[in-house]
Amino acid sequence: MSEEFLVSAKPDLQRARAAWLTALSQERRLARLTVEAYERDTRQLLQFLTGHCGGAPGIAEIADLRPADLRAFLASRRNGGAGARTLGRGLAGIRSLLRYLERRGLVNAAGAGALRAPRAPKGLPKPLTAADARRVASGEGQLAEEPWVAARNAAVLALLYGAGLRIGEALALRGGDVATAGDSTLRVTGKGGKTRVVPVLPVVFQAVAEYRRLCPYHLSAEAPLFRGVRGGALQPAIVQREMKKMRSALNLPETATPHALRHSFATHLLGRGGDLRAIQELLGHASLSTTQVYTAVDTSRLLEIYDNAHPRA
């Protein structure tokens, strides 16, 4: 189905929006999921404006947008159940589109720039205990009956906890990316196509090597390293489903997700005296402020231990 049937907008705005999305992906090299989210958010705005303004908007209508119109859109999204983080991301996408149009002399983006994003509650990451994280990332903790599938799951989870990878980064690895157990580092492509080099523990390389040994499919250098049972690239939903089974079997909290292993990696490093700047580099965070949340997690954990253990607490 073509974009004309999906997006409520006049042709001039459809063309400009398509060019903006292409620029986000090819020139700014934003992550695929970010571009998809911005596409969805701006599509929802245009659908709202179609009803709000009494017809499909074009560039002229976008140029006339007032902060009150954008506030009405955000209110409609909130009434539909969207949270503060979703609304904030949506506003960021809208601003990006308007700035793109402004640079081409088509609109004035000052109104959107003056609008404050909804304040999101500051939630702390929920790491696993070191013992639980080791169980989850070990071969012995896997529940899959097929030995190669169990080894695959252990290897993926070992990369999340042992190297701090995002699940998308682990599943994007190619057969040639993790060469031998003698290697000590791994080059990872993260958000926005940015690469970083992370040290990898021997036990993690051993987990990947065991998966390679048992995998029934040929793992060529350029093909996906991790495979589904039918040989295609392993999907994140499969790993998430396996983790859900492990939560029940190992009596883990609901917060024990694949991404929680990455949180655990950072929290446990910090708790053992790891340098915050080094942890930032290992995680691939663009800003140190993103990494600093783990200092709050570590303090929160210390206070929890104090409350549970101190005789006067």
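Please refer to the structure placed before this passage.
It should be emphasised that the depicted structure is a prediction, and the values quoted were computed from it without experimental measurement.

J.: Which residues make up helix α13 (residues 258-271), and what values do they have?
T.: With 14 residues, α13 extends 20 Å between its outermost C-alpha atoms, agreeing within 8% with the 20 Å of an ideal straight helix rising 1.5 Å per residue. Extensive coverage of α13 is indicated by the burial of 10 of its 14 residues. Within the span of α13, buried status applies to Pro-258, Ala-260, Leu-261, Arg-262, His-263, Ser-264, Phe-265, Ala-266, Thr-267 and Leu-270. At the exit of α13 stands Gly-273, carrying a positive phi of roughly 95°.

J.: Explain the packing of aromatic side chains to me, using residue names and the numbers behind them.
T.: Counting across every chain of the model gives five aromatic pairs. For the ring pair Trp-20 and Tyr-38, a centre distance of 6.3 Å and an interplane angle of 5° mean the geometry is stacked. Pair noted here: Trp-20 is in helix α2 (residues 11-26) and Tyr-38 is in helix α3 (residues 32-52), with a separation of 18 residues, a long-range link. Both residues of the pair, Trp-20 and Tyr-38, count as buried. With a centroid separation of 5.6 Å and 55° between ring planes, the pair formed by Phe-48 and Phe-73 is classed as tilted. Of the two residues, Phe-48 is situated in helix α3 and Phe-73 in helix α5 (residues 67-79); the sequence distance between them amounts to 25 residues. Taken together, the ring pairs in this structure connect Trp-148, Tyr-211, Tyr-217 and Phe-226 into an aromatic cluster. A cation over an aromatic ring shows up here: Arg-104 above the ring of Tyr-100, its NZ or CZ 3.7 Å from the ring centre. The ring of Trp-148 carries the charged tip of Arg-152 above its face, separated from the ring centre by 5.7 Å.

What counts and what doesn't
Residues numbered from 1 in each chain as written. Predicted model: local features only at pLDDT ≥ 70, side-chain atom pairs only at ≥ 80, totals over all residues. Heavy atoms only, no water. Helix = DSSP H or I, 4+ residues; strand = E, 2+ residues; numbered from the N terminus. Expected span 1.5 Å × (residues − 1). Buried < 20%, exposed > 50% of the residue type's maximum accessible area, 1.4 Å probe, protein only. Phe/Tyr/Trp six-rings, centres within 6.5 Å; stacked < 30°, edge-to-face > 60°. Lys NZ or Arg CZ within 6 Å of the ring centre and 35° of its normal.

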